[in-house]
Amino acid sequence: MGTVVAPKPLLLQDGRPAAASWSLDPSLRHLNHGSFGAVPLAAQRAQQDLREEMERAPVVWFPALPRRVARARAAIAEFLRVPAEFTALVPNASAGASAVYNSLPHRPGGEVLVTDHGYGAVTMGAARLARRWGGSVRTVHVPLAAGPEEAAAAVLEGLGDHTALIVLDQITSATARRLPIDLIGPAARERGVPLLVDAAHVPGLTDDPRAGLDCDAWVGNLHKFGCAPRGTAALVARGELRHALYPLIDSWGAEEPFPERFDTQGTVDATSYLAAPTALDFVDRQWGWPQARQYMRELADYAQQLIGEAFTAATGEPAAAEVGMPVDALRLVKLPAGLGRTRLEADALRDRMATEFGVETAFTSFDGTGYFRLSTHVYNTAADYEYFAESCVPMLCDWAERARQEA
């Protein structure tokens, strides 16, 4: 790879920096949009207005709420390019996966197939489902550097006579790579095995999130790259499974068809759902989603090369992570030996960097190796990652040396 040039920072239409439309703490460097997102002020204000409306007249608010949720759901479905009648709103991707787990018919001895790239909470839910069935979870190893064909073959070779469900990430959290759902889906359908796709990071990162995908259920967070208020996700389902899906809370909409029964959830604060279209429209009005995605990709290219070269110069060790199907705005850089070898060690690094350096980051672990996972958004600039390379990389190298000495 040649030298990557830093993209010019994005500006708001009034000429201010993009970050001016977020309430992010200016004393921190926010380099981890991919974990919890960040909500633009326009959406925060819209949600607060809705909450005030709810509190002024709750007896008026709650009976009318399902109709308002349905309108927000239709706007979100349009953004995702899926039919509204196939789309339900849930608090997050894990909640959507749990709704699927709770709605599947009992399969005595059934096996759930996952990969070693799966998100921990979703995999834990799969294990609980397998225990209810009296079955087990089979975890397939997919090499980090595996391309589409190799990754698909690894998953399909894991299918057995007792496989009753496949759970795959469209974009993996810890390893910042894609999995070839387009290659796996048709084979799963041919074998009659339901496929659940965890697309937590996908909405906002791709123009057509479900293009070419053949799956029974798909769940993606709007509060990550879509910048919606936290607690907003879409569960998209089709076929017979769609009719079997129920929300985790039985409420007065329980006898409604899918997805309307998800629109009624008692006294749950649904203002995150109602304000989500404001967040999506904000990015679209200011820059347009195609330009926003291009900027995130170009900034990630620059940051990945800059930080990788900084680690290599400091340690003499290759820091480039060989990722088979990389993601535009989520990237990996290998940490020096001795750092982030487990999830707990990686989380400890995240906490220490925030406390000691004022940098919100993500560190992950895969197959015993630690990685810095960078994620970009429109409010980030090249200066954010230049600061990390200049100030944080040397300290991380020192921490790695101490860890090796203490081992």
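Refer to the preceding data block for the structure.
Presented here is a report on the structure given in the accompanying data block. Within each chain, residue numbers correspond to sequence positions counted from 1 in written order. Predicted model: local features are reported for residues with pLDDT of at least 70 only, side-chain atom pairs are reported and counted for 80 or more only, and whole-chain, interface and lining totals are derived from all residues. Side-chain numbers here rest on the full set of heavy atoms in the structure, without hydrogens or water.

Some details on a nonpolar patch on the surface
To keep things clear, this is the line we draw: Nonpolar side chains (Val, Leu, Ile, Met, Phe, Trp, Tyr) are joined into patches within 5 Å and like charges within 9 Å, using only residues with over 30% relative accessible area and no salt bridge. Here the open area of atoms and residues is found with the Shrake-Rupley method and a 1.4 Å probe, where only the protein chains shown may cover a residue. Any carboxyl oxygen of Asp or Glu within 4 Å of a side-chain nitrogen of Lys or Arg constitutes a salt bridge here. Strands are runs of DSSP state E lasting at least 2 residues, helices are runs of H or I lasting at least 4, and numbering of each runs from the N terminus.
Residues Leu248, Ile249 and Val268 make up a contiguous nonpolar surface patch of about 240 Å² in total accessible area. If you trace the backbone, Val268 turns up in the loop between helix H9 (260-263) and helix H10 (271-286).

With respect to the nonpolar core
Selection rule: We call a set of buried Ala, Val, Leu, Ile, Met, Phe, Trp, Tyr and Cys residues a nonpolar core when their side-chain atoms join them within 4.5 Å. Categorising residues by exposure relies on relative accessible area from a 1.4 Å probe, with only protein chains included: less than 20% of the type maximum marks a residue as buried, more than 50% marks it as exposed, and the intermediate range marks it as partly exposed. Contacts are assigned to residue pairs with any non-hydrogen atoms lying within 4.5 Å of each other.
Ranked by internal contacts, the top residues of the largest apolar core, which has 108 residues, are Trp218, Trp287, Ile307, Phe311, Phe363, Phe388 and Leu396. Top contributing element to this core by residue count: helix H11 (residues 289-315), with eleven residues. Other than its neighbours up to four places away in sequence, Phe388 contacts Leu31, Ile307, Met353, Val359, Thr361, Phe363, Phe372, Val393 and Leu396. In terms of nonpolar packing, the next biggest core, distinct from the first, is built from 30 residues, Val90, Ala97, Leu104 and Ala237 among them.

Examining the packing of helix H3 (residues 58-80) against H10
As a reminder, the rule being used: Inter-axis angles, ranging from 0 to 180 degrees, are taken between N-to-C directions of lines fitted to C-alpha atoms, where helices are fitted over the stretch in contact. Helix crossings are classified by the rotation of the near helix relative to the far one: an anticlockwise turn of less than a right angle makes the crossing left-handed, while a clockwise turn makes it right-handed.
Interaxial distance between H3 and H10 falls to 8 Å at its minimum, and their mutual angle equals 35 degrees. In this structure, H3 meets H10 at a crossing whose hand is left-handed. Between H3, through Trp61, Leu65, Arg68, Val69, Ala72, Ala75, Ile76 and Phe79, and H10, the contact on the second element is made entirely by Thr271, Tyr273, Leu274, Ala276, Pro277 and Leu280.

Details of helix H12 (residues 343-357)
Put simply, the rule reads: An expected span of 1.5 Å times one less than the residue number is assigned to each helix. Think of it as the arc spanned by the lines of direction from the helix axis to the C-beta atoms.
Taking 1.5 Å per residue, 15 residues should reach 21 Å; H12 reaches 21 Å between its end C-alpha atoms and fits that length. Of all the residues in H12, the buried ones are Ala346, Asp347, Leu349, Met353 and Phe357. Buried residues of H12, viewed axially, fall in a sector of 155 degrees; they line one side. Among the exposed residues of H12, those oriented more than 90 degrees off its buried face are Leu344 and Thr355. On its buried face, H12 is in contact with strand E10 (359-360), strand E11 (362-366) and helix H13 (382-406).

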